[in-house]
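Okay, here's what each chain looks like letter by letter:
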There are 2 protein chains.
Amino acid sequence: MKISISKENHLKAIFHLESDHGTVTTNELAAALHTRPASITDMLKKLQKEGLVLYERYKGFSLSQDGKMAAVQIIRNHRLWECFLVDHLDFDWSQVHEMAEELEHLTSRKLIDRLDFFLGFPRTDPHGDPIPDSDGKFTRQIAQIPLPNLLTGKEATVTAIRPQTDQILELLQHKKIKIGTRITIRKKFDFDDSLEIEVDGGASTTVSALVAKNIYVSVQK
Amino acid sequence: MKISISKENHLKAIFHLESDHGTVTTNELAAALHTRPASITDMLKKLQKEGLVLYERYKGFSLSQDGKMAAVQIIRNHRLWECFLVDHLDFDWSQVHEMAEELEHLTSRKLIDRLDFFLGFPRTDPHGDPIPDSDGKFTRQIAQIPLPNLLTGKEATVTAIRPQTDQILELLQHKKIKIGTRITIRKKFDFDDSLEIEVDGGASTTVSALVAKNIYVSVQK
DNA sequence: ATTATATTTTAGGCAAATCTAAAAATTTAA
DNA sequence: TTAAATTTTTAGATTTGCCTAAAATATAAT
């Protein structure tokens, strides 16, 4: 009944790709897992036998209900451990992903539930991604929009940075922007789509279109 | 250069058996790891090739300097995670071993060092076993003696319970004895070697020879 | 609609970590 | 000190997860 780490990684990758594109192909999955299409086919057959994916050769595949549950559990583990690493061990959010990739595979359900309690039942991880509860349910997230879509003059809260790279982290750290920061757009420049923004009701800076596109905000909350 | 989990477990088991008996045999190691002697021989050859054990067929084996370092690192990980589970996630010391068996294999050195800091650099784990520092050094432990060896009337601190089973934990919990508890022997009964002891300067109880033998105390500190 | 291209699968192999059964070496005991 | 018992090792398989190269199928393009 125990799912191997490699299988867990396959389920997780399928889940993420399904969420993004709605559908997944063998090649995509192979790329996501840094493995070869042939290996994916092998694994798919095993996962099907265990009832974790629905698979028909040459036709495509998708997670079964059980497979989805397993994937969500891993994602929960991953995100909770990221919270622990950032909030209590004082790591930067850009450093924690790899460590969480290992921690997410720990098998004790009780451990993760106690960790959840210890952390105070956080609803999002340090990157702004939602954390499902112990039953695998994602509580509805507040609506997030890319910063360029925010109306000028309307204040909003930064809820996520995506994708997160060391480079954008460095830039945003310098500009004192992180999750929870309040931002108001003061001016949009059509020339290069850069934005002049006010940060936490204080100083103004300018961010390029590229940076702005990676910042997600919410007007509610 | 990365050591597999299975190899780490072999090194750790050799380390523990060497500490106990001074020497280890193929059969003992197989028993400790719930595996077969033939598998031990296989693994030993691999570990030798990697310079982690000194091995001559039919002659015996022991950890090399590198092997010892690796083993100590795992033990450090294991004991620090046990501290975390007991001190922060509120598990009983009898429950944490299995979880720590998984956590000990995490590969990030930085993670474990930050955990050490977070925990306040504990010198012993919840079972009273010493935790080596980041360089693998065990700081000299205060002398521990089995409770029956303690002189009557001399106060001492409980430093370890060994071996720890759910049953003895239950008994000691009921008698309010744990690591850190102060104990004084009031009377030794030669008839069955049971002891009448005073717990934390308060009430007295009696413990059987079997229980007493499993309690280790230190008069210093 | 047929060919060309791209995707997916099969076939056959490899390395790690285990196993069983049998052989070899060592140790113990008569 | 040789025979018996024990320990350890070898030989040969198995499972898991991956690989490459070639074949099968599906999709796109003329």
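Keep in mind it's a predicted model, so treat the numbers as computed, not measured.

1. Description of the sheet that holds strand β3 (residues 145-146) of chain B
Residues and elements named next belong to chain B.
In step 1: Ordered in space as β3-β8-β4-β5-β6-β7, the six strands form an open sheet in which the pairing is antiparallel. Both edges of this open sheet fall to β3 and β7 (204-207), since each of them pairs with a single strand only.
In step 2: Pairing between β3 and strand β8 (residues 215-218): two bridges, direction antiparallel. By the bridge assignment for β8, proline 146 is matched with tyrosine 216.

2. Some thoughts on a negative patch on the surface
In step 1: Together, A:Asp90, A:Asp92, A:Asp166 and A:Glu170 make up a negatively charged patch on the protein surface.
In step 2: With respect to the helices and strands, A:Asp166 occurs in helix α7 (residues 166-174).

3. Remarks on the protein's contact with DNA strand D
In step 1: Close to DNA strand D lie 22 residues, the nearest being A:Ser4, A:Thr35, A:Ser39, B:Lys45 and B:Tyr55.
In step 2: Of all DNA strand D atoms lying within 4 Å of any protein atom, the proportion belonging to sugar or phosphate reaches 74%.
In step 3: A:Asp42 is positioned such that a nitrogen or oxygen atom in its side chain is 3.1 Å from a base nitrogen of DNA strand D.
In step 4: Separating a phosphate oxygen of DNA strand D from a side-chain N or O atom of B:Thr26 is a distance of 3.4 Å.
In step 5: Among the secondary structure elements, those contributing two or more residues to the surface near DNA strand D are α1 (5-21) and α3 (37-49) of chain A together with α2 (26-32) and α3 (37-49) of chain B.
In step 6: When grouped by side-chain class, the residues that make up the surface near DNA strand D number seven nonpolar, nine polar and six charged.

4. Describing the interface of chain A and chain B
A common way to report how large an interface is uses the accessible area buried once the components associate.
In step 1: Listed by partner, the interface residues are 20 residues for chain A and 20 residues for chain B.
In step 2: Of all residues in chain A, A:Leu89, A:Glu102 and A:Arg114 bury the most surface against chain B, accounting for 30% of the area lost on that side.
In step 3: Our count for the contact surface shared by chain A and chain B stands at zero salt bridges.
In step 4: Remark: the boundary between chain A and chain B carries six residue pairs in polar contact (both at pLDDT 80 or more).
In step 5: Among the residues making up the side of chain A that touches chain B, the classes are represented as 11 nonpolar, five polar and four charged.

5. What to know about the relation of the copies chain A and chain B
In step 1: Of the transformation placing chain A onto chain B, the axial shift is 0.0 Å and the rotation is 180 degrees, giving an RMSD of 0.1 Å. Both chain copies can therefore be described as sitting about a two-fold axis. Relative to the rotation axis, the C-alpha of A:Leu103 is the closest in chain A, positioned 3.9 Å from it.
In step 2: Same-surface contact between copies: 100% of interface residues of chain A are shared with the interface of chain B.

6. A word on the protein's contact with DNA strand C
In step 1: Around DNA strand C, 22 residues are found, and the nearest of them are A:Tyr55, B:Ser4, B:Ser6, B:Thr35 and B:Ser39.
In step 2: A distance of 2.6 Å separates a phosphate oxygen of DNA strand C from a polar atom in the side chain of A:Tyr55.
In step 3: Of all the elements in the fold, those that place two or more residues in the surface near DNA strand C are α2 (26-32) and α3 of chain A together with α1 (5-21) and α3 of chain B.
In step 4: The leading source of residues in the surface near DNA strand C is α3(B), at five residues.
In step 5: The residue makeup of the surface near DNA strand C, split by class, is seven nonpolar, nine polar and six charged.

Rules used throughout
Residues numbered from 1 in each chain as written. Chains lettered and ligands numbered in written order. Predicted model: local features only at pLDDT ≥ 70, side-chain atom pairs only at ≥ 80, totals over all residues. Heavy atoms only, no water. Pairing = 2+ DSSP bridges. Helix = DSSP H or I, 4+ residues; strand = E, 2+ residues; numbered from the N terminus. Patch = residues over 30% accessible without salt bridge, like charges linked within 9 Å, V, L, I, M, F, W, Y side chains within 5 Å. Areas by Shrake-Rupley, 256 points an atom, 1.4 Å probe, with all protein chains shown as cover. Salt bridge = Lys/Arg side-chain N within 4 Å of Asp/Glu carboxyl O. Lys, Arg positive; Asp, Glu negative; His and termini not counted. Charge placed at Lys NZ, Arg CZ, Asp CG, Glu CD. Near = heavy atom within 4 Å. Polar contact = N/O pair within 3.5 Å; in protein donor to acceptor, adjacent residues only side chain to side chain. Nonpolar A, V, L, I, M, F, W, Y, C, P; charged D, E, K, R; others polar. Contact = heavy atoms within 4.5 Å. Buried area = accessible area lost by both parts, 1.4 Å probe. Least-squares fit on C-alpha atoms with pLDDT ≥ 70 in both.

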